[in-house]
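Observations on the model geometry
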Amino acid sequence: MILAVTGATGNMGQAVLSALETLPDMEKIRILSHNRKRTAKLLKKHKALRNKIEPIEGSIANPSACDALVRGADIIVNMGAVIPPKSDQSPQSAVACNEKGADALVSAIERIKENQPALVHISTMALYGHRTTPHAFGRVGDPLLVSPFDIYSATKLRGEFRVLESNIAKWTVLRQSAMLHPNMLSDNVHDGLMFHTCFDAPLEWVTAHDSGVLIRNLLQQFIQNTLPDTFWKKCYNIGGGAVNRNYGYDTLNDGFALVGGTAKRFFKPHYNATRNFHGVWFSDGHILNDLFHYQTQSTSDYWKEILTLHPAYKMGRIVPKRLIAHFAVKRLLKDCNAPAYWAKKNDEARLIAFFGGKEKYNALLSRSWDNVSVPDRNKITGNDNEQPVFYGYDFFKNDADITIDDLRSVAQAHGGKLITQQFTAGDLYRKAEWETQDGERFTATPYSVLRAGHWFNPIYCENVWDFDRLCKKDKIFASVWYDSHDETENIRYRFDEQYGARAEKLP
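A brief look at the structure comes next. (Residues numbered from 1 in each chain as written. Predicted model: local features only at pLDDT ≥ 70, side-chain atom pairs only at ≥ 80, totals over all residues. Heavy atoms only, no water.)

On to the overall build of the protein. Across its full length, the protein carries 20 helices and 18 strands. Taking 507 residues into account, the globule formula puts the C-alpha radius of gyration at 23 Å, and the protein, at 23 Å, falls close to it. Over its C-alpha atoms, taken along the principal directions, the protein stretches across nearly 65 × 60 × 45 Å. By the burial criterion, 59% of the 507 residues in the protein qualify as buried. At a minimum sequence separation of 6, the contacts of the protein that also span at least 24 residues come to 74%. Total accessible area computed for the protein in this model is approximately 21800 Å², and 49% of it derives from carbon and sulfur atoms. For the protein, the centre of its 62 positive side-chain charges and the centre of its 57 negative side-chain charges are spaced 7 Å apart. (Helix = DSSP H or I, 4+ residues; strand = E, 2+ residues; numbered from the N terminus. Rg over C-alpha atoms; globule rule 2.2 N^0.38 Å. Buried < 20%, exposed > 50% of the residue type's maximum accessible area, 1.4 Å probe, protein only. Contact = heavy atoms within 4.5 Å. Areas by Shrake-Rupley, 256 points an atom, 1.4 Å probe, with all protein chains shown as cover. Lys, Arg positive; Asp, Glu negative; His and termini not counted. Charge placed at Lys NZ, Arg CZ, Asp CG, Glu CD.)

Attention shifts here to the sheet that holds strand β17 (residues 491-495). Pairing in this open sheet of three strands is antiparallel, and the strands run β16-β17-β18 from one edge to the other. With partners counted over all chains shown, the strands left at the sheet margins are β16 (464-465) and β18 (501-505), one partner each. Where β17 meets β18, five bridges bridge the pair, whose relative direction is antiparallel. In the strand pairing of β18, R492 is matched with E504. (Pairing = 2+ DSSP bridges.)

To continue, consider the environment of G260. Here G260 lies in the loop between α9 (248-257) and α10 (263-266). Using a relative accessible area of 48% as the deciding quantity, one classes G260 as partly exposed. For the pair G260 and K314, spaced 54 residues apart in sequence, the C-alpha separation works out to 7.9 Å. If near-sequence neighbours (up to four positions away) are discounted, G260 is found in contact with R317 and K321.

One pass over the full model with this rule turns up 36 aromatic pairs. Between F231 and Y236, the aromatic rings sit 5.3 Å apart at their centres with planes inclined by 15°, giving stacked as the arrangement. As far as burial versus exposure is concerned, F231 and Y236 are alike and both buried. Put simply, the rings of F161, W434, F442, W455, F456 and Y460 touch in pairs and so form one group of aromatic residues. The ring of F149 has R350 lying over it, and the distance from NZ or CZ to the ring centre is 5.6 Å. Across from the ring centre of F395, 5.4 Å away, lies the NZ or CZ of R451, which sits over that ring. (Phe/Tyr/Trp six-rings, centres within 6.5 Å; stacked < 30°, edge-to-face > 60°. Lys NZ or Arg CZ within 6 Å of the ring centre and 35° of its normal.)

Here we take up the side chain of H121. For H121, the position within the fold is in strand β5 (residues 118-124). The buried category is assigned to H121, whose relative accessible area is 2%. Separated by 3.0 Å, the side chains of H121 and N78 make a polar contact. When near neighbours in sequence (up to four residues on either side) are disregarded, H121 contacts N78, A102, K156, G159, E160, V163, T172, V173 and L174. (Polar contact = N/O pair within 3.5 Å; in protein donor to acceptor, adjacent residues only side chain to side chain.)

Before going further, it helps to spend a moment on the pattern of salt bridges. Two side chains bearing opposite charge may form a pair once their charged atoms approach each other closely. Inspection of every chain in the model, using the stated rule, returns 27 salt bridges. Between R162 and D103 there is a salt bridge, with the nearest N and O atoms lying 2.7 Å from each other. One end of the pair, R162, is in helix α6 (residues 151-164); the other, D103, is in helix α5 (residues 91-110), and 59 residues separate them in sequence. For R162, a relative accessible area of 22% gives the class partly exposed. You can call D103 partly exposed: its relative accessible area is 34%. Among the salt bridges present, the one from R175 reaches E160, with a minimum N-O distance of 2.6 Å. Linking R175 in strand β7 (residues 171-176) with E160 in helix α6, this pair joins segments that are 15 residues apart in sequence. What makes E160 buried here is its relative accessible area of 0%. One connected set of salt bridges, linked through shared partners, spans K417, E433, E435 and R441. (Salt bridge = Lys/Arg side-chain N within 4 Å of Asp/Glu carboxyl O.)

Okay, the nonpolar core next. Burial of nonpolar side chains together is a common tendency in soluble globular proteins. Of all hydrophobic cores here, the largest spans 103 residues; its most connected members are L105, L119, W434 and W465. If you tally residues by element for this core, the top one is α5, at seven residues. Every residue in contact with L119, bar those within four places of it in the chain, is listed here: I76, N78, L105, V106, I109, V163, I168, K170, W171, T172 and W232. (Core = buried A, V, L, I, M, F, W, Y, C linked by side-chain atoms within 4.5 Å.)

It is worth spelling out the packing of helix α3 (residues 63-70) against α5 at this point. Running from amino to carboxyl end, α3 crosses α5 at an angle of 50°, the nearest separation of the two axes being 9 Å. When the interaxial angle is binned, α3 and α5 end up oblique. Where α3 crosses over α5, the two elements pack in a sense that is right-handed. Taken together, the residues of α5 that come into contact with α3 (itself represented by C66, D67, L69 and V70) are A104, L105, A108 and I109. Residues belonging to the contact of α3 with α5 are distributed by class as follows: seven nonpolar, no polar and one charged. (Axes fitted to C-alpha atoms, helices over the stretch in contact; angles between N-to-C directions. Parallel < 35°, antiparallel > 145°, perpendicular 65-115°, else oblique. Left-handed = near helix turned anticlockwise from the far one by under 90°. Nonpolar A, V, L, I, M, F, W, Y, C, P; charged D, E, K, R; others polar.)

Honestly, it's all geometry; don't read function into it.
Structure (structure tokens):
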């Protein structure tokens, strides 16, 4: 079997290659990379696969490179992505890889008419946007409300939609959860990204190791031809399971525990955003695990592994905490991606998006941990007590029982309408025509809209986050958006041509 891979030099890609070392039936692994040094480092690391790896130099946004990658392949795993903080530092790179790259790759596969390869596309839980109670639990099919100014999630949204609406016969979309990888700590000491993590954000972690096991087991079933046909043309959440459900505060706390500290010791309540993050606990994460049995590690396992890989962290227990606080945290408050920097530079747009405004941010400055309630992960229960998301139809009915009335009901709940007049019950992949509340028409399969949560709005074609306005008429969006936004808010968030953040008060 010939496997084609993008993103092989990334954190998930490295874990996948490590897992593939124990998969003997792999004839060739074709990888696409535009960085020769990283490719050489990869070949040196994965010696067991060296004779099987065929590097192809080029960018995923290059149609010729994509043609060379997919030609003759049996299956493609697209892990290529520009993620935060790089996506914040270079939005153009995120657009090129996550959006244009996905389009170029899908187009290359579509051009193959005979023996067309299958596609496994790695998407992200960031599409669900900011989640909190009473909707901390989510599932595939929930509305996709990508967080304002998060160019990563916006471009991944467009890339995923391109896959869902493609002419590829066999595709699947796996929405990756928050991923713990060996380089996570080192990757987050150069940027203010850590301050975007809300202390009460629901995070369901999965380790890079388990992500690699997932892809290995999927490919093994593909090789053995034991994957059920029903697996294809669907979206799934890559969850870590109940044992890996934490709050944002817990993750920061666990990280600083390596050096004998706590989040309260190194952070102040106003350091971190209070909204506009992305994180969710999965009520359907078991579905993928039931298929591929990949959930083997817990967050505790991960932190123990980090100490084994980096024993120098133990030295932090004897280093004065004020020095650690200065070099690991306080110096990053001056970074342009940190809320403290936004406040100093009067970046009103981001302060509104992440705090609700400058006044609310300033109100946090006088608060201490004594009067801040920290969430307790030991009190996290199942999703039985969660308020269900409003879907506009009976979400839990079987696919075969979905009728045209369900399509009409969902369109109406979004403030729009269904234009298509004929629909065969259960035919979720025949394209339909819809109209938004703004009178814009778009084409999408009922699966994309009802089962995957997509609904056309400005973010699908421009960097405009218009959810305050849309939610005045969109009951599906409103059911989640108003968990962290007030109904009186009326802000349109957007990037200008230079990716400057703008927040416009609407009349």
